[in-house]
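Coordinates in review
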Amino acid sequence: MNIFALVGRAVLTFLAEVGALSRFTMRAVRSCFAPPVYLRLIGQQMLRIGYFSLPVVGLTAFFTGGVLALQIYIGGSRFNAEGFVANIVAIGITRELGPVIAGLMVAGRVSAAIAAEIGTMRVTEQIDALVTLSTNPFKYLVAPRLIAAVISLPLLVLIADIIGIFGGFIVGTQSLGFNPLVYISNTVDFIEPSDVTSGLIKSSVFGFIIALMGCYSGYRSMGGAQGVGRATTNAVVASSILILAANYVMTSIFFTS
Amino acid sequence: MAETPKIELRKVQKRFGPKTVLDSIDLTVEKGHSMVVIGGSGTGKSVMLKCILGLLHPTKGSIKVDGEEVTRISERHREKVLKKFGMLFQGAALFDSLKVWENVAFALIQGENMERGKARDVAMEKLAKVGLSSDVGDLNPSELSGGMQKRVGLARAIAHDPEIVFFDEPTTGLDPIMADVINQLIVDTVQDMGATALSITHDMASARKIADHMSMIYKGNIIWTGTAAEVDTCGNPYVDEFVNGRADGPMQMEVLKALPPAPSAKWQNSPPDLSVRIAALSRPNGRANATAATSGTLLSKRRQGPAQLLLQQPRNSLAAHASSSILCRWMGTRRKRHAISPA
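No experiment lies behind these values; they were computed from the predicted model shown.

**Notes on the interface of chain B and chain A**
Each partner contributes residues to the interface: chain B has 16 residues there, and chain A has 10 residues. Taken together, the elements giving at least two residues each to the side of chain B that touches chain A come down to α2 (75–82), β6 (85–88) and α4 (106–111) of chain B. Broken down by element, the residue count for the side of chain B that touches chain A peaks at four residues, all from α4 of chain B. Of the residues that constitute the side of chain B that touches chain A, the class distribution is 10 nonpolar, four polar and two charged.

See below:
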């Protein structure tokens, strides 16, 4: 086996995938702005992506906040930083952990569900049927999910931020012995609007990635049940990795000047 | 004065990478006629339909609908052209997330912006036309049987009164009675609407019932076109073989080449233990059986080696191929270097 052929094939396949994804993204974004806009479908998707993800996101945020408080207290004792628990929990949750962990949890739930649904539609020819019934599948299937995800994720992350800080508060006041009023005033004094807004902008981008990868994997699935299973896995893996990569890029843009 | 044909395909070619599915398709469907395209599985019939609809783009060739070229048109133009079409898919392809009446009224609500109450009435009327009661309209597609799903699919395809209707294997998977119900519905609705119909099927009974004209696809080309009455007397050997469902014929040679060689009855003349071993070796799992069979017995009986015994068998091409490959596998040599000569 020629090693050059192997490497070459891998590179070309990768570039082809990137190209296909870019074209899909362009079509998807264009379809969000052209009429008809299916408000009913957007509402349905916001319910599925946003509202039904609340329990997962709430629990995740609560435990993340609690663990963060614990670790800062214990780890911070090495350099006398135990008193900073409230501040660091607030900044850590709103800037990073809230958006990223909520994004990852929602990616697992939502992009898998979207990929499975659209993948099944693809293998049962329902997408071809849409075309024959004078409906653009991008406007009917992809655009509502993209718009719903971009709107729902920031709202979810806002709730995650609140619950996360609350989780830190519970651990801080019950296990670590902080005074509740001091804890809350520390949180409020040291948090800045830019922390929260940067987190919300990040979560919008994460929402876009989640819906896009779900739709892309589902749209291109082929080969029956196994194809749909592969598409679902690819959607979750791809959206998780892209979320983490995009997080790094956005953090470096927002916080280095 | 010839009228513009409704659908015209000229030299349409479709390749998927190195594989050519459609080689050079020439097909004409006149307005108001019902054309059925027959052919074996995997010959490209569905690909042809999808090329006409624009779901796939042909590599070469021209497709005209009402005299208008539709192969390389913009998306907006294609959306307009597609309003003339209705299609019944092989698995009905109903939308699981919507109720049955919403499925049937889909083209009306999305394509014509009809308001929901009125669309529901039209949907119930179309369901009645295909013999389904109005309470079926409120069910989910997953709650229906195969025949009912096909009928709902038909109602959905004709709901917006299209000029051209496509049927992709309409009777596949249905029991004979339901298949005839579907055939009758196809004939009735196409006549009622004066629509042009193009169907693909391998069910000859269905084809004879619904067709005015028939065409046969073989290896990516249309090898015969004619009226439905001519199909039995056309004299084309491929058409004859397909229409009568015979296992032997010019097309069957292609299928046989793909199978591993089977033991023939002529092996009976050889010593019984050897023939059993040879038969075991020539089964598809030849390798596994070979080690078991050749370990003890054959090696000990050195009177006449297996090569000579095999070579005494009558020669037909399959047997010669089988004997040389079994021999080579057993002796572990490459076929090229092994010279088999009569003893």
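**A look at helix α7 (residues 176–193) of chain B**
Along its 18 residues, α7 of chain B runs 26 Å from first to last C-alpha, staying within 8% of the 26 Å computed at 1.5 Å per residue. Next to the buried residues of α7 of chain B lie β3 (34–38), α6 (146–158), β7 (164–168), β8 (196–201) and α8 (204–210) of chain B.

**Section: the pairing of strand β1 (residues 7–16) of chain B**
Residue and element names in this part refer to chain B. In this sheet, strand β2 (residues 19–29) lies alongside β1 in antiparallel orientation, the contact comprising seven bridges. Within β2, the residue paired with Glu8 across the bridge is Thr28. Linking β1 to β2, which pair antiparallel, is a turn of two residues; within it Gly17 sits at a positive phi near 65 degrees.

**Considerations on unusual backbone geometry**
A cis amide bond, omega -5 degrees, links Pro35 of chain A with the succeeding residue Pro36 of chain A. By the secondary structure assignment, Pro36 of chain A is in the loop between α1 (3–33) and α2 (39–49). A positive phi is found at Ala93 of chain B, a non-glycine position, where the angle reads about 50 degrees. The topology assignment puts Ala93 of chain B in the loop between β6 and α3 (100–104). Judged by local crowding, Ala93 of chain B falls into the buried class, with 23 C-beta atoms found within 10 Å. The phi dihedral of Asp161 of chain B is positive, around 50 degrees, even though this residue is not glycine. Relative to the elements of secondary structure, Asp161 of chain B occurs in the loop between α6 and β7. Judged by local crowding, Asp161 of chain B falls into the partly exposed class, with 14 C-beta atoms found within 10 Å.

**As for the pairing of strand β4 (residues 60–65) of chain B**
All names here are of chain B. In the sheet, β1 pairs with β4 via five bridges, with the strands oriented antiparallel. What sits directly across from Arg10, in β4, is Ser62. Where β4 meets strand β5 (residues 68–69), two bridges bridge the pair, whose relative direction is antiparallel. Within the sheet, the bridge partner assigned to Val65 lies in β5 and is Glu68. The hairpin turn running from β4 into β5, its antiparallel successor, is two residues long, and Asp66 in that turn takes a positive phi close to 55 degrees.

Cut-offs and rules
Residues numbered from 1 in each chain as written. Chains lettered and ligands numbered in written order. Predicted model: local features only at pLDDT ≥ 70, side-chain atom pairs only at ≥ 80, totals over all residues. Contact = placed C-beta atoms within 7 Å. Helix = DSSP H or I, 4+ residues; strand = E, 2+ residues; numbered from the N terminus. Nonpolar A, V, L, I, M, F, W, Y, C, P; charged D, E, K, R; others polar. Expected span 1.5 Å × (residues − 1). Pairing = 2+ DSSP bridges. Buried ≥ 20, exposed ≤ 12 C-beta atoms within 10 Å, placed from the backbone.

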